[in-house]
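Breakdown of the fold
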Amino acid sequence: MERRRMEAALLVLFLGHLVTALEVPLDLQEGLPQPPTITHQSPKDYIIDPRENIIIHCEAKGKPHPSFSWTRNGTHFDVDNDPNVSMKAHSGTLVVDISREKVENYEGVYQCTARNKHGTAVSNNIVVRQSRSPLWSKEKIKPIVVQEGVSLVLPCRPPAGLPPPIIFWMDNNFQRLPQSRRVSQSLNGDLYFSNVRREDSRSDYICYARFPHTQTIQQKQPINVRVLNQAPVDERRPTFLIPSGSSSSKMVLRGHVLEMECIAEGLPTPEISWTKVSGDLPARRTSFLHYNKTLRIVNVSESDAGDYRCTAKNQLGAVHHTIHVSVKAAPYWISGPPRNLVLAPRENGVLTCRASGTPKPSITWSMNGIPIENSPKDVSRKVEDDTIIFTEVQTGSSAVYQCNISNDYGYLLSNAFVNVLSEPPRVLTPANKVYQVIKNHQALIDCASFGSPIPKITWFKGSRSISLDGDPYITHDNGTLEIHVAQAQNSGKYTCVARNSLGIYENHVHLEVKEPTRILKQPEYKVVQRGRSVVFECKVKHDPSLIPTMTWLKDDGELPDDERLIVDSDSLTITEVTENDAGVYTCIMNTTLDHDSASAELTVVERPDPPTDLELTDQKKRSVQLTWTPGDEHNSLIQKFLIQYEDSLHHRGHWHNLTEVPGTRTTAHLKLSPYVHYTFRVLALNAMGFSRPSFPSRMYKTDPAAPDENPTGVEGFGTEHNNLVISWKPLSGFQANGPGLHYKVMWRQKALDSEWTTVTVANNSKFVVLGTPTFVPYELKVQAVNNHGDGPEPKIAEGYSGEDLPIAAPENVQAIIVNSTLAEVHWDPVPLHLIRGHLKGYKVYYWRKHSLHKHNPDHMEKDILTFSGNHTRGMLPGLHPFSLYSFNVRVYNGKGEGPPSPTQQFKMPEGVPGPPSSLLVSNPNLDSLTLEWGPPHDRNGHITGYTLKYQPVNNSNELGPVEEVALAANETSITLPTLKYSTRYKFYLNAKTVTGPGPAITQEVVPIMDEASPFGNVSYAVGEDGALISWEYWGPEKNVYVEYIVKNSEGEEEWQKELVNGSQNFMLKGLKEGLSYRVRLVAKGHQDQPLHCSEELLVTVPAVASRQVDIATQGWFIGLMCAIALLILILLIICFIQRNKGGKYPVKEKEDAHTDPEFQPMKDDDCTFVEYSDNEDHKPLKGSRTPSNGTVKRDDSDDSLVDYGEGGDGQFNEDGSFIGQYSGKSASRDTAEGHESSEAPSPINAMNSLNSFV
């Protein structure tokens, strides 16, 4: 027998892999045969509401769809024969109509059966019971009278309900009765008093029971409690009210809640504590309720079994109670219920029903609802305790197997079918599905398949050349391909191939590896003052193909709906920060695949609130204790407190700093002065600054006393040569210590052993002693005195009487020459008694008389050098070489200068000369030139000669070898004959004396300019923006300029230049209209020396060229011309009519009567207006001043359009009409007729044209 068990165990191990491999998601395939499977059923213990219809659920699936039947209390329940019961269509769910029948008639144990041709599945036993909420039994409760201090129990004893009710105590006003360590409710609902008090007396202790299923509440009769206080009750050690005795036991089921309680009485009220004797309490699953009187452990496991001890303790002792807890277990699955099997013919499989419980449960098997021992025999099936082994199953052996595991505390029932199928492989994963994964993350590509036998899965990538079965690929048993760390190169097309003995199936999917989302710049911790703004940055990098979403959280919740919080693409800005904005802000960047987040805290700080509750304690004559309560520090630690005081007696309204204490202290011992009316206030300081001052303390007055100190800063000095001014810094009212402040001033000569002279001075700051000798030392004392006594003995100070001017000059004065620009002056000090004051120093007066060159004038300007202190020499810098100087020395004190020493002289030696005054180049030839120069302005001695150095310079400003020429002192020019043609040279010239050479003057020049200019095709064009100068340049020089100057400008004007390096054209702007300019191009070399010039251009800028308007195109002018043409046409018609009639015109008759020179009739042949006459047409008009040449001359005083034009001379008819041309060009005055013009026609021309047309 033992051998058979061993063989069965080995067979189970062998078939374990097959069991796992054959499990498939069958519900994804609708067209395949399938035994029934229960999908939904009512709970085992089914409590129903008696007011509603009964619904007992039973849902199942299968192929074909199963049929349903029921049993009640173990026998068949004929649903069709009960008119109150119906079954839902395509379902096994029962609906019981209780409107015509009592609910009690349908209580019982129900079981549902679902069957089709492939098997039968059964449900759990469903125990149907109705909910009950019975009324409280009628009872008359007598009032309870107890003595104060004793214990009391108020029983509740609610009626038994289903499920049990929830108990609570309230009063008549439906307010919960207060509970505490002294008064609490037990688990059974009774109300316990560890000891009663007078305030426990009341008549409305009411116990309520709430039945949750029916949502009804039942009320017990009120209990009246009266507490007497006749005799005091002695204090006593604790004793337990529940549980009784020293130990008890309790049983709890695994997975349930364990509740244990210990309620004790005693006086004073005991405290309850819990321990586990055999170990520690499970911290995460343990809680203490009802003021530690109840220990609650949830989700109980076998490890919670053992002894628990509760202890009640007060001042008089302690008592213990031990509760032994045993844990039992209803059956529970070890590895889950058995799972369905799909097997191909001749395959093997295993059904396992493995569970545990306490006590150990028994296991029974059924097939299609019939005990397996009563089922037809099957050689391919073997039952071994909790396992059924299938070997080489045959077609048609599909069935549903039931596993029932039970013990004294419950049962487990599970259905599992065995479905024998022959199916070719199918891949259930959708074709061309795209998987997206983040780089460096795990990638799982599904290939969910179905087939019987179970298909074998093979993966390929790309061209399917090699299967993916090695690193980094892992193929799982369910067909999923895993890439543990996905990289960019893993992206692409993957092919999943499923094959079994009946066929092959392919499916293609795609993998895309995306870049991870990363926060590059995280928000940083911010400390900001209230009212300011703060910005949290959150810059993110993500895969460009993924759509990001930025979310901000505050304290793991949504941001407040506040317009002050501004969310941008990569930042969060909070304006006008308040204290409510403080917290942790988190930016979360989400994509469809991943996210990244970062957090930062915002601390809002502000100056602290002012301290409050100032109090003065420990009051003494010279001290007091000040205490206060700090205000809110607003997230910034208080660094210190500043204590200020106001002296309302001497300085009302002025606050002074008294002392400081660290921010950790809230008290200060203050030292006080006499005769002050103190009021104190306190300010707090944090990193943001000082708080507002606190409210002032009450006033504290100190008594007057003699001064504690004397004036400081005692000094003695004279303002005249025969007086002594004694001054001091007077005491303040705060320092006076009392009324009547005055001073004792004392003095005596220091050298003499004389008595002190004393005077009393009112509250002042100085006293003047007259008739003192000049500059004599004195000893001085000033003592403070008030109405309450003298101050301490004063310290002795020293001072001097008044000074007078020194009466002696320094002796043995002499000068020592150091070099050509520096001399040192020496003298003997003046004796102190001749200085007659405090020695301040010596002053040297010196001046340059003249240069040692002949015929140089004298210089009388004096310089002064001051040497502070007791010096006997001094340096005179910056002197002129080769010059004669005079000087004297004087001593000075606080009063002024003494007499000068006898004036002496010294000569300065020769020095190096200054640079030559000029260096000019003349007569440049092809290979020679002449240099001319002037002697230095500052010769500083006799010039002994000149040194000329020169060297060539190439186009890149590099210097060549140096040539040197020595020149005589009397030379002022030299010709250099052997220079290189068209080479730039740099010349250096300096002068020399016997002391040495001086600084050089430099010049740069080319011996002769190139005959061929490097400029060509120089031209210009004038436009609205200016004159555009264009050219070509092929020279080596880099500095090219455009220079221009107004034509005919006076000689003092300079050429203006514009740098145009590297360009071939330049726009000259700002040229004045109507002027002509000379323009040239210049190439310049080193030190801006001009080397090449172009030919000059004459550029003329036309007057108002940019503002000329073609009048012939203006609308007003065209309209005017049309009106004139129409008028002329009318006049022509009138003339024609009058001419045909004959005789004189009416105008002729008026002409004969009124010979007005302003009125002229028209000429017949051309209709021009002339004087009516029988003479020639061109006879001059009356009143006109037409010259003999026929032109109209304008008076000088007449106004003319010519004054507003550009120089043209217009013509006027005798009526003032303008007959000249509308152009800026002058008209010819040779004839009255004028010449033809290409300009716009005048009105007269237009009239003549119309006449000729007519």
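These numbers come from a predicted model, not from an experiment.

Attention now moves to the overall build of the protein. Scanning the protein from terminus to terminus reveals six helices and 94 strands. In the protein, buried positions account for 41% of the 1254 residues. Put simply, 64% of the contacts in the protein that link residues at least 6 apart link residues at least 24 apart. Summed over all atoms, the accessible surface of the protein reaches about 68,900 Å², with 50% contributed by carbon and sulfur.

Another aspect to go through is the nonpolar core. Within the largest apolar cluster, 25 residues are counted, with the highest numbers of intra-cluster contacts made by Ile54, Ile56, Trp70, Tyr110 and Val128. Looking at this core, the elements with two or more residues in it are β2 (45-48), β3 (54-56), β4 (58-63), β5 (67-72), β8 (94-96), β9 (108-116) and β11 (126-130). In terms of residue count, β9 provides more of this core than any other element does, three residues in total. Sequence-distant contacts of tyrosine 110, that is, excluding residues within four places in its chain, are made with Ile56, Trp70, Thr71, Arg72, Phe77, Asn124, Asn125, Ile126 and Val128. The next biggest cluster of nonpolar side chains, apart from the first, holds 20 residues, and it includes Leu614, Leu616, Phe641 and Tyr700.

The subject of this paragraph is the state of the cysteines. Summed over all chains, the structure comprises six disulfides. Each disulfide pairs two cysteine sulfurs, and for cysteine 353 the partner residue is cysteine 403, the sulfurs being separated by 1.5 Å. The S-S bond linking cysteine 353 to cysteine 403 shows a torsion near -75 degrees; that makes this disulfide left-handed. Residue cysteine 353 is found in the loop between β30 (349-352) and β31 (355-358), and its partner cysteine 403 is found in strand β36 (residues 399-407); the two are separated by 50 residues along the sequence. According to the relative accessible area criterion, cysteine 403 is buried, its value standing at 0%.

With that settled, the discussion passes to unusual backbone geometry. In this chain, isoleucine 242 is followed by proline 243 through a cis amide linkage whose omega measures -10 degrees. Tracing the chain through its elements places proline 243 in the loop between β20 (236-242) and β21 (247-253). Note that the residue after threonine 358, namely proline 359, is joined by a cis bond; omega there is 0 degrees.

On to the side chain of arginine 848. Take arginine 848: it is sitting in strand β75 (residues 839-851). Look at arginine 848: it is buried, it has no salt bridge, and the nearest opposite charge is aspartate 938 at 6.8 Å. Among the polar contacts made by the side chain of arginine 848, one reaches the side chain of serine 883 at a distance of 3.0 Å.

Once that is clear, we can look at the packing of aromatic side chains. This structure, assessed with the given rule, holds 25 aromatic pairs. Judged by centre distance (5.7 Å) and plane angle (35 degrees), the ring pair of tyrosine 950 and phenylalanine 987 falls under tilted. Placement of the pair is tyrosine 950 in strand β82 (residues 945-953) and phenylalanine 987 in strand β85 (residues 984-992), with a sequence separation of 37 residues. Owing to a relative accessible area of 11%, tyrosine 950 belongs among the buried residues under this scheme.

On to the UniProt feature "transmembrane region" (unreviewed entry) in the protein. When the UniProt feature table is mapped onto this chain, "transmembrane region" (unreviewed entry) is found at residues 1116-1137. Along residues 1116-1137 one finds 100% helix and 0% strand; the C-alpha atoms at either end are 32 Å apart.

This part covers the sheet that holds strand β57 (residues 612-617). The strands making up a sheet are joined through hydrogen bonds of the backbone, oriented either antiparallel or parallel. With antiparallel pairing, three strands are arranged side by side in an open sheet as β57-β58-β61. Of all the strands in the sheet, the pair left with one neighbour each is β57 and β61 (667-671). In this sheet, neighbouring strand axes are inclined to one another by 25 degrees on average, regardless of whether the strands run parallel or antiparallel.

Here three strands make up an open sheet; going across it, the order is β49-β54-β53 and the pairing antiparallel. The strands lining the two open edges of the sheet, one partner per strand, are β49 (534-537) and β53 (565-567). Here the strands of the sheet are splayed against their neighbours by 15 degrees on average, with no regard to which way each runs. Note: β53 against strand β54 (residues 571-574), three bridges, orientation antiparallel. Bridge pairing in β54 links isoleucine 566 to threonine 573.

By the secondary structure assignment, threonine 120 is in strand β10 (residues 119-122). Residues in contact with threonine 120, not counting those within four places in the same chain, are Pro36, Thr113, Ala114, Arg115, Asn368, Gly369, Val400 and Gln402.

Along the polypeptide, isoleucine 242 turns up in strand β20. Placed 23 residues apart in sequence, isoleucine 242 and glutamate 265 show a C-alpha to C-alpha distance of 9.6 Å.

The next thing to look at is the environment of lysine 541. If you trace the backbone, lysine 541 turns up in strand β50 (residues 539-541). With 23 residues separating them in the primary sequence, lysine 541 and arginine 518 have C-alpha atoms 5.3 Å apart. Leaving out residues up to four positions away in the same chain, lysine 541 has contacts with Pro516, Thr517, Arg518 and Leu520.

For the structure shown, the criterion picks out 38 salt bridges. One salt bridge connects aspartate 45 with arginine 129, and the closest N-O pair in it is separated by 2.9 Å. One end of the pair, aspartate 45, is in strand β2; the other, arginine 129, is in strand β11, and 84 residues separate them in sequence. By relative accessible area, which is 44% here, aspartate 45 ends up partly exposed. Residue classification places arginine 129 among the partly exposed residues on the basis of a relative accessible area of 30%. With its nearest N and O atoms 3.4 Å apart, the salt bridge here joins glutamate 1004 to arginine 984. Taken together, the residues span a long stretch of sequence, with glutamate 1004 in strand β86 (residues 1001-1005) and arginine 984 in strand β85 at a distance of 20 residues. Residues glutamate 1004 and arginine 984 agree in their burial class; the two are buried. Several salt bridges share partner residues, and in doing so they unite Asp171, Arg202 and Asp204 into one network.

The next point concerns the confidence of the model for the protein. Per-residue pLDDT for the protein has a mean of 83; in total, 85% of the residues score no lower than 70. Considering only residues more than four positions removed or in separate chains, one finds that residues 1105-1109, a stretch of pLDDT under 50, has four contacts.

Let us now look at the environment of valine 682. With respect to the helices and strands, the residue valine 682 is situated in strand β62 (residues 677-686). In sequence terms valine 682 and tyrosine 645 are 37 residues apart; their C-alpha atoms lie 8.8 Å from each other. Once residues within four sequence positions are removed from consideration, valine 682 is found in contact with Pro611, Leu614, Leu626, Trp628, Phe641, Leu642, Ile643, Arg692, Pro693 and Ser694.

About the cut-offs
- Residues numbered from 1 in each chain as written.
- Predicted model: local features only at pLDDT ≥ 70, side-chain atom pairs only at ≥ 80, totals over all residues.
- Heavy atoms only, no water.
- Helix = DSSP H or I, 4+ residues; strand = E, 2+ residues; numbered from the N terminus.
- Buried < 20%, exposed > 50% of the residue type's maximum accessible area, 1.4 Å probe, protein only.
- Contact = heavy atoms within 4.5 Å.
- Areas by Shrake-Rupley, 256 points an atom, 1.4 Å probe, with all protein chains shown as cover.
- Core = buried A, V, L, I, M, F, W, Y, C linked by side-chain atoms within 4.5 Å.
- Disulfide = S-S within 2.5 Å.
- Lys, Arg positive; Asp, Glu negative; His and termini not counted.
- Salt bridge = Lys/Arg side-chain N within 4 Å of Asp/Glu carboxyl O.
- Polar contact = N/O pair within 3.5 Å; in protein donor to acceptor, adjacent residues only side chain to side chain.
- Phe/Tyr/Trp six-rings, centres within 6.5 Å; stacked < 30°, edge-to-face > 60°.
- UniProt positions renumbered as here; feature names shortened; annotations may be inferred.
- Pairing = 2+ DSSP bridges.
- Axes fitted to C-alpha atoms, helices over the stretch in contact; angles between N-to-C directions.
- pLDDT = per-residue confidence, 0-100.

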